[in-house]
Amino acid sequence: MSGTCVIGLQWGDEAKGKLVDLLAPRFDCVIRYQGGANAGHTVVAGDEVYKLHHIPSGILHSDVQNFITPGVVINPTTMLEEIDGLSARGINVVENLKVSERAHLVMPWHMIEDATINKVSVRGESIGTTNRGIGPCYRDKVGRTHAIRMIDLIEASRDERIATVSEQKTVLLRQLGATDEELASIAPEKMVALAASWAERLAPMISDTTDLILDAAEANQTLLFEGAQGALLDIDHGTYPFVTSSNSSGVGVCAGAGVPPKWIDHVLGVCKAYSTRVGGGPFPSELNDETGDKIRKLGNEFGTTTGRPRRCGWFDAVAVRYTARLSGVTRLALMMMDVLAHFEELKVCVAYELDGKEIHHVPAHADQLRRCKPILETIPGWNSPVDDARSMSDFPAGALAYVKRIEELVGVPVGILSVGPDRSQTIFTDKAAAMGLA
Ligand code: IMP
């Protein structure tokens, strides 16, 4: 028995980074397996705040081995900046991080392509990507002809490969409307020099992570898989096309990390006690009013990666029940309970009304989801702070009733409650023991 996954069940930003950091000391390995620098995982350790984009959230623990596996797309410039920032704060990243030779690189041309295509509207609304080149990089991965992988950096054919792809990308991007300045920035000689500088610094970390992780599992080491984004942004199962380009639900773990399902025992589904979304796309329980503004303010709901204000709304039990089932969630972690502590009355979306009919599933078509009206159940608020609660017995009756109702609606017990960003502001319920987390 070895693997536990931490999966976001909403549209990302569920505070997975806090949980991975907290749980990491109980595991031998922490594994980031999909997404890229679109993720922004915040870890608060005492007075220090760390914002991680590529680097797994286990990195603050020196005896934990961290991995970035084949399913991740890496922008080496950003990752090296992250490594330098952590090193300057005394964290030994180079020794504790292995980066897959199979992982694909987000190249400067992907950033240009993302920014250019991001302006295009899909069904009357822009996807509103993070502009980190994620979609174009995954597109090239699937297309194969223009992809660059980590291993290409340390192969003898590197310079020729980079120069050829950069020439071809220049032609393609010109047609897409890239400016002369943008095209000059990806000139072959510049790209070749950049790749050489990356290779020099990244070489000590580039490894066959698949082999290393399989060895670790076979030697009975414990694995913690760190999901990025949330299951509603999953490319195959999310609110398409307003999604990211990787499998961010639980189904993505095996493919992204390079592990067979037999090594996964537990799935911790992380959700906020309310809902948020950044970027475009339908959001049935969204609150475009003072209550939404109040949640945004109390929850400091602004993007870690882009700083964009997050759209806020009530907890959507239809959506979370779907993603919890899809991801095989065995326990829920209910985050940001402190934010809901200041309301007389709370609401939870228990069903949708679509074209006059009550439905209990997430429709596959964005236009249908956009037409869904939330059917809301009102739950009395408890209206008193819970930031200092350290066990369930410190919770007011109203907060306990809210947690119980979420468990009923989603169909999964809550194992962890979070009442603030600090490690200490976390409660393990009596149901955490079943997943070895008590
Ligand atoms: P991309 O992943 O940058 O292509 O963005 C696609 C969609 O996913 C956009 O709506 C983004 O706002 C959203 N997204 C991507 N990464 C995150 C994340 O880490 N948290 C929340 N939303 C995200």
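Bear in mind that the values here come from a model prediction, so they are computed numbers and not experimental data.

Draft legend 1. Examining unusual backbone geometry more closely. Omega for the bond connecting Tyr 240 with Pro 241 falls within 30 degrees of zero, at 0 degrees, which places this linkage in the cis form. By the element assignment, Pro 241 lies in the loop between β12 (223–230) and α11 (253–257). If you check the backbone angles, Ala 15 has positive phi at about 75 degrees while not being a glycine. Inspection of the secondary structure assignment puts Ala 15 in the loop between β1 (3–8) and α1 (16–23). Residue Ala 15 is classed as partly exposed on the basis of its relative accessible area of 29%.

Draft legend 2. The arrangement of the UniProt feature "binding site: Mg(2+)" (unreviewed entry) in the protein in detail. Feature annotation in UniProt places "binding site: Mg(2+)" (unreviewed entry) on Asp 13 and Gly 40, given in this structure's numbering. Spanning 28 residues, the named residues form one tight spatial group whose C-alpha atoms are at most 7.8 Å apart. In this structure Asp 13 comes out as partly exposed when scored by relative accessible area, which is 26%. Not counting residues within four places of it along the chain, the set of residues in contact with Asp 13 comprises Lys 272, Thr 276, Val 278 and Arg 310. Mapped onto the elements of the fold, Gly 40 is located in the loop between β2 (29–32) and β3 (41–45). For Gly 40, a relative accessible area of 16% puts it in the buried group. Excluding residues that lie within four positions of it along the chain, Gly 40 makes contacts with Leu 52, His 53, Thr 304 and Thr 305.

Draft legend 3. Up close: the pattern of salt bridges. Within the structure shown, the criterion is met by 22 salt bridges. A salt bridge links Glu 113 to Lys 169, with the shortest nitrogen-to-oxygen separation between them at 3.5 Å. Residue Glu 113 is located in helix α4 (residues 108–117), and its partner Lys 169 is located in helix α7 (residues 158–176); the two are separated by 56 residues in the primary sequence. Taken as a pair, Glu 113 and Lys 169 share a single burial class, namely buried. Connected through salt bridges with shared partners, the residues Asp 13, Lys 272, Glu 301 and Arg 310 form a single ionic network.

Draft legend 4. Representation of α4 in the model. Looking at α4, one finds that the buried residues are Trp 109, His 110, Ile 112, Glu 113, Asp 114 and Thr 116. On its buried side, α4 packs onto β8 (104–105), α5 (134–143), α7, α8 (180–185) and α9 (188–202).

Draft legend 5. Looking closely at the sheet that holds strand β7 (residues 97–100). Pairing within the open sheet is mixed, and its ten strands lie in the order β11-β7-β5-β2-β12-β1-β13-β17-β21-β22. Only two strands of the sheet have a single partner each, and these edge strands are β11 (206–207) and β22 (426–428). In this structure, strand β5 (residues 65–68) lies alongside β7, joined through three bridges in parallel fashion. Bridge pairing in β7 links Phe 67 to Lys 98. Packing of α1 onto the sheet brings it into contact with β1, β2, β12, β13 (264–272), β17 (331–335), β21 (414–418) and β22, and relative to β12 it is tilted by some 170 degrees. Each of β17 and β21 is contacted by helix α15 (residues 397–410), which is oriented at about 135 degrees to β17, the strand it contacts most.

Conventions used here
- Residues numbered from 1 in each chain as written.
- Predicted model: local features only at pLDDT ≥ 70, side-chain atom pairs only at ≥ 80, totals over all residues.
- Heavy atoms only, no water.
- Helix = DSSP H or I, 4+ residues; strand = E, 2+ residues; numbered from the N terminus.
- Buried < 20%, exposed > 50% of the residue type's maximum accessible area, 1.4 Å probe, protein only.
- UniProt positions renumbered as here; feature names shortened; annotations may be inferred.
- Contact = heavy atoms within 4.5 Å.
- Salt bridge = Lys/Arg side-chain N within 4 Å of Asp/Glu carboxyl O.
- Pairing = 2+ DSSP bridges.
- Axes fitted to C-alpha atoms, helices over the stretch in contact; angles between N-to-C directions.

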